[in-house]
Amino acid sequence: MKEFKFKIDGTEYAALVEEQGEGKVQVTVNGKAYSVDVEGMAAPRPQVKPVAVGAAAPAPKAAPAGAVSSAKLSAPLPGNITKILVNAGDKVKKGDTVIIMEAMKMENNITAESDCTIKAVKCQVGQSVNQGDVLVEIECAAAPAAAPAPKAAPAPAAAPAPAAPAGGKAVVAPLPGTVTEIKVAVGQAVKKGEIVAVMEAMKMQNDIVSEWDGTVSAINANQGASVNVGDALVTIG
């Protein structure tokens with residue numbers, strides 16, 4: 001179990017993060033527990049329904065031409081809305097950032113999971129939201145079902161991150177996730193609040209910042225590495 005303390009708009013929060021297995025962690029904020037699904041954590045393999053020998057599996061039905069499906073983007077954690085980058089009627093592409101919210105001392109980008117049109121914005125800048133609150137409603141054109149793509153070869157395992165040297169201050173991962181970018185190099189001077197790494201956790205791109213002024217003495221995680229709560233990412237000397 002890992003404990004974090006942070007402030008949002010001057011209000012102090014204490015958060016406990018505990019892995020529960022099966023792709024879940026429990027996040028307790030000021031005594032209130034939330035069960036959170038974390039993408040990338042091990043989960044049981046789904047059971048596959050057997051198909052009789054010689055019988056062809058039924059093909060998925062294609063959506064009718066012009067069909068539109070509705071969906072919602074919700075807050076994955078309690079936090080505070082800091083930026084709204086879209087308006088009703090805007091068209092966005094898969095991966096575009098639509099909302100930025102602050103949670104657990106991180107700026108979290110809420111992104112579109114497919115090409116879509118913004119139907120309605122359900123939050124305001126400065127608003128405090130809880131886990132599961134709807135932030136944006138979207139409409140997406142339903143595409144015909146495609147044949148399954150060939151299974152990709154597994155990616156090579158990332159090398160283990162080296163331990164932080166004695167005397168250094170480690171900037172650590174606040175949640176399980178994947179390192180998508182290291183923004184600094186060994187020997188580089190950094191200021192408190194400067195972004196040193198970016199990691200993907202809970203379907204969000206999270207900016208990891210230094211809590212101190214100093215010089216980077218070690219890079220403890222490689223780009224693409226999977227990290228757990230408390231793993232050192234960068235050491236500040």
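Please read these numbers as outputs of a predicted model, since none were measured by experiment.

**Q** Would you mind going over the sheet that holds strand S13 (residues 169–172) with me for this structure?
**A** One key point about sheets: their strands pair by backbone hydrogen bonds, in either a parallel or an antiparallel sense. The strand order across the open sheet built from 4 strands is S13-S20-S18-S15, with neighbouring strands paired in antiparallel fashion. Across the chains shown, the open sheet's two edge strands, defined by having one partner strand only, are S13 and strand S15 (189–190). As paired elements, S13 and strand S20 (residues 232–236) share 4 bridges and run antiparallel to each other. Paired with valine 172 across the two strands is alanine 232, which belongs to S20.

**Q** I'm lost on the nonpolar core in this one. Help?
**A** Across soluble globular proteins, nonpolar side chains have a tendency to be buried as a group. By size, the foremost hydrophobic cluster in this structure holds 49 residues, and its most contacted members are Val27, Leu77, Ile99, Met101, Leu135, Leu175 and Leu233. Setting aside anything within four residues of it in sequence, one finds leucine 77 in contact with Val27, Val36, Met101, Ala103, Met104, Val129, Asn130, Gln131, Leu175 and Met202.

**Q** Help me understand the pairing of strand S16 (residues 195–201), please; the structure alone is not making it clear to me.
**A** Successive residues of a regular strand alternate their side chains across the two faces of the sheet. Burial within S16 is extensive, with 5 of its 7 residues counted as buried. Bridge count between strand S14 (residues 177–182) and S16: 4 bridges; the pairing is antiparallel. Looking across to S16, one finds that threonine 178 is bridged to glutamate 200. Pairing geometry for S16 and strand S17 (residues 204–209), over 6 bridges, is antiparallel. Directly across from alanine 197, in S17, lies its bridge partner isoleucine 208. Taking the residues between adjacent antiparallel strands as the criterion, S16 and S17 are bridged by 2 residues, where methionine 202 takes a positive phi near 55°.

**Q** Would you take a moment to explain the environment of cysteine 140 for this structure?
**A** For cysteine 140, the position within the fold is in strand S12 (residues 134–141). The sequence separation of cysteine 140 and serine 70 amounts to 70 residues, and the corresponding C-alpha distance is 6.3 Å.

**Q** Looking at this model, I keep getting lost on the state of the cysteines. Mind explaining?
**A** Simply put, disulfide is the name for a covalent bond between the sulfur atoms of two cysteines. Taken as a whole, this structure holds 0 disulfides when the rule is applied. Summary of cysteine pairing: cysteine 116 is not part of a disulfide, and the nearest cysteine sulfur, belonging to cysteine 140, is at 4.3 Å. According to the relative accessible area criterion, cysteine 116 is buried, its value standing at 6%.

Definitions and limits used
Residues numbered from 1 in each chain as written. Predicted model: local features only at pLDDT ≥ 70, side-chain atom pairs only at ≥ 80, totals over all residues. Heavy atoms only, no water. Pairing = 2+ DSSP bridges. Helix = DSSP H or I, 4+ residues; strand = E, 2+ residues; numbered from the N terminus. Core = buried A, V, L, I, M, F, W, Y, C linked by side-chain atoms within 4.5 Å. Buried < 20%, exposed > 50% of the residue type's maximum accessible area, 1.4 Å probe, protein only. Contact = heavy atoms within 4.5 Å. Disulfide = S-S within 2.5 Å.

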